[in-house]
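Survey of secondary and tertiary structure
Next come the chains, spelled out residue by residue.
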Amino acid sequence: MSTEPLRIGDHLVSPDHYIDGARVPGQRSFELFSPIDQRVLGHVAEGDEEHVEAAIQAAQRAFASWSALTAAQRLPCLERFADEIGRRAQALCAVESTDAGVLLSRMQHGVVPRAMLNIRWFARHALELQDRPIDTEQARHIVRHDPAGVTVIITPWNAPLMLSTWKLGPALAAGNTCVLKPPEWAPLTCSLLADAADAAGLPPGVFNVVQGTGATTGARLVADPRVARVSFTGSVPTARRIAQAAGANLVPCSLELGGKSPFIVLEDADLDAAAATATLMYRNAGQVCLAGTRLLVHEQVADEFVARMRPLVDQLVIGDPREEATEVGPIIHPRQVERVQGFVDRAVAGGAKLLWGGGRHAFGALYFSPTLVTNLQQDDEIVQNEVFGPVLTLQTFGHDDEAVALANGTDYGLGGVCYGETAHATAVAERVRTGFIWVNSFGIRDLAAPFGGIKRSGIGREGGEWSFEFFCDVKDIVLPKKPFRASFAHR
Ligand code: NAD
């Protein structure tokens, strides 16, 4: 079935797969709509067995020559890829804002520059992966980071461009070839990425995009025994399925999953700064894995903290994400709105109190008012589970030990935020069991630093050398310093 390009404003986006350097239409397709107004944007190809097969074969073929290049030889091609992403900045911003509901301003100032950097930074840092020698008395070891092979990348709808490039950058720079399966609720910027790769002259098969749903296309890709790595960002239930499928082939998986991160406000915190940062948690309508969604505030300052946060929340501009002034956009899908509403309704039915919000917002069907829920127990569903909407919970504590116990009292362990006098906040942060935690700040993500979660929030780290550790096979070539004599007595 030939599929028409989707028109998003002035921009045309191919709905087809991109396999072996060419556009490939699907026999079947799925409908895509915008969360802004639920307008149908068009149809996108659904990957069947033959597309998965073609993409994996293409990636396998391309691996032979792409992996044989040095990082320095791959660098110009990847630099051009980053440049081509930059050339498409306007389209990428307009398209992701329309199909995922991400704020246009955030796309312009945050996501697109970061997407370029994700490719460029890892391409340059791969130069440092060249043979690292270790000298001992017995031998000279040459430690190599060899490309692992065909890499499957699966990304979620809340940040498709950012997360796809965050994985593609190190995977390609390390010499792997990739098959990307974009999220079916927001697949279009990944199609534009294929255009960028094509224009940059990435050899055919090095980067492939197979569109489709998770249960069919995604499941086929991650179960394929020819795949050497699976890099996934998404939800816990999907991660379990992927880990099982990849585990059957003993294929390493990197799993970046959900969060229920604490936002601790100690009694000596700068309350204005803490309240301003807490209000940021409503960004992207709360559809942010690393948001600190559980406000844990010292009982001495809780009323004052809430009083300072309320006007900031009241002033939030809720509306069309394509408008410059908008601060909170839509939720991605009617199913998600129902899910968010269900969490709030069940909490209230169980005795929780709403300090603000609690239901849909008048701007549109998929808009939800920023919400704060309190009067909660630690084992309440809304405290324990990721809501993934503009809903925060508030609990109070009397001393640091209690704050730490509440912070660590869920099965998640992605991130956290801690506001307080710096030494005090740092001491508390050290005791919070998560993959990262921001002290008196939020959202600083340096490419050289590790990112990832513990417990139910995931397995593995991405960023800097941690990405390369995952995407490479580390090999030790051992050269003895003295002539080697074979002997059974030898160690
Ligand atoms: P999801 O798990 O439903 O889907 C993620 C991706 O997996 C999609 O592309 C989907 O098509 C695919 N998929 C689904 N089933 C599959 C299967 N059986 N085999 C292979 N692929 C399959 O997640 P979502 O709803 O798209 O995203 C929201 C979740 O992602 C939240 O839990 C959020 O916290 C998490 N997330 C985590 C991070 C992080 O870095 N830790 C970042 C962003 C989002």
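Above this note sits the structure.
Below is a short write-up of the structure. Just so we're clear, the structure is a prediction, and the values are computed from it rather than from any experiment. Starting from 1, residues in each chain are numbered consecutively following that chain's sequence as written. With the structure being a predicted model, the display of local features is reserved for residues of pLDDT at least 70 and the display and counting of side-chain atom pairs for 80 or more, all residues being used for whole-chain, interface and lining totals. Where side-chain values are given, they derive from all heavy atoms of the structure, hydrogens and water being excluded.

Considerations on the packing of helix α2 (residues 71-87) against helix α6 (residues 188-200)
Direction vectors running N to C along α2 and α6 enclose 135°, while the axes themselves pass 8 Å from each other. Here α2 is positioned oblique relative to α6, judged by the angle of their axes. Both α2 and α6 take part in a crossing whose hand is right-handed. On the side of α2, the interface is formed by Cys77, Arg80, Phe81, Glu84 and Ile85, while α6 contributes Leu193, Ala196, Ala197, Ala199 and Ala200. Of the residues assigned to the contact of α2 with α6, the class counts are 8 nonpolar, no polar and 2 charged. Angles shown run from 0 to 180 degrees and are taken between the N-to-C directions of axes, each axis being a line fitted to C-alpha atoms and, for helices, limited to the stretch in contact. Each helix is a run of DSSP H or I of at least 4 residues and each strand a run of E of at least 2, with the numbering of both proceeding from the N terminus. Angle categories: roughly parallel below 35 degrees, roughly antiparallel above 145, roughly perpendicular from 65 to 115, and oblique for all the rest. By convention, the crossing between two helices is left-handed when the near helix turns anticlockwise from the far helix through less than a right angle, and right-handed when the turn is clockwise. Only heavy atoms enter the contact rule, under which two residues are in contact if any of them lie within 4.5 Å. Throughout, the ten residues Ala, Val, Leu, Ile, Met, Phe, Trp, Tyr, Cys and Pro are labelled nonpolar, Asp, Glu, Lys and Arg are labelled charged, and all others, Gly among them, are labelled polar.

Description of the sheet that holds strand β8 (residues 139-147)
Spatial strand order, β7-β8-β22: 3 strands in an open sheet with antiparallel pairing. Of all strands in the sheet, those bounded by a partner on one side alone are β7 (132-135) and β22 (472-480). Taking each pair of neighbouring strands and ignoring which way they run, the sheet shows an average axis angle of 25°. At least two DSSP bridges between two strands are needed for those strands to be called paired. By the bridge criterion, 9 bridges tie β8 to β22 in an arrangement that is antiparallel. When the bridges of β22 are listed, arginine 144 appears paired with lysine 475. Helix α15 (residues 464-471) rests against β8 and β22 of the sheet, and its axis sits at about 85° to β22.

A few points about the pairing of strand β17 (residues 371-374)
With a 1.4 Å probe rolled over the protein chains alone, any residue whose accessible area is under 20% of its type maximum counts as buried; one over 50% counts as exposed, and the rest are partly exposed. A two-sided burial pattern is seen for β17, the buried positions comprising Thr371 and Val373 on one face and Leu372 and Thr374 on the other. Bridge analysis of strand β16 (residues 353-356) against β17 gives 3 bridges, and the strand direction is antiparallel. Residue pairing across strands places leucine 354 opposite valine 373, the latter belonging to β17. With 3 bridges joining them, β17 and strand β18 (residues 391-397) adopt parallel strand pairing. When the sheet's bridge partners are listed, leucine 372 is paired in β18 with leucine 392.

Details of the packing of aromatic side chains
By convention, a stacked pair of Phe, Tyr or Trp rings (six-membered ring in the case of Trp) has centres within 6.5 Å and planes under 30 degrees apart, an edge-to-face pair has planes over 60 apart, and any other such pair is tilted. This model, assessed by the stated rule, comprises 13 aromatic pairs. Ring centres 5.7 Å apart and planes at 80° place the aromatic pair phenylalanine 122 and phenylalanine 468 in the edge-to-face group. Here phenylalanine 468 lies in helix α15 and phenylalanine 122 lies in helix α4 (residues 104-125), a separation of 346 residues in the sequence. Judged by relative accessible area, which is 0%, phenylalanine 122 ranks as buried. Taking the relative accessible area as the measure of exposure, phenylalanine 468 reaches 3% and is therefore buried. Consider the rings of phenylalanine 436 and phenylalanine 451, whose centres lie 4.8 Å apart with planes at 25°: the pair is stacked. Of this pair, phenylalanine 436 sits in the loop between α14 (422-431) and β20 (438-439) while phenylalanine 451 is found in the loop between β20 and β21 (458-459), placing the two residues 15 residues apart along the sequence. Of the residues examined, phenylalanine 436 reaches a relative accessible area of 12% and is grouped as buried.

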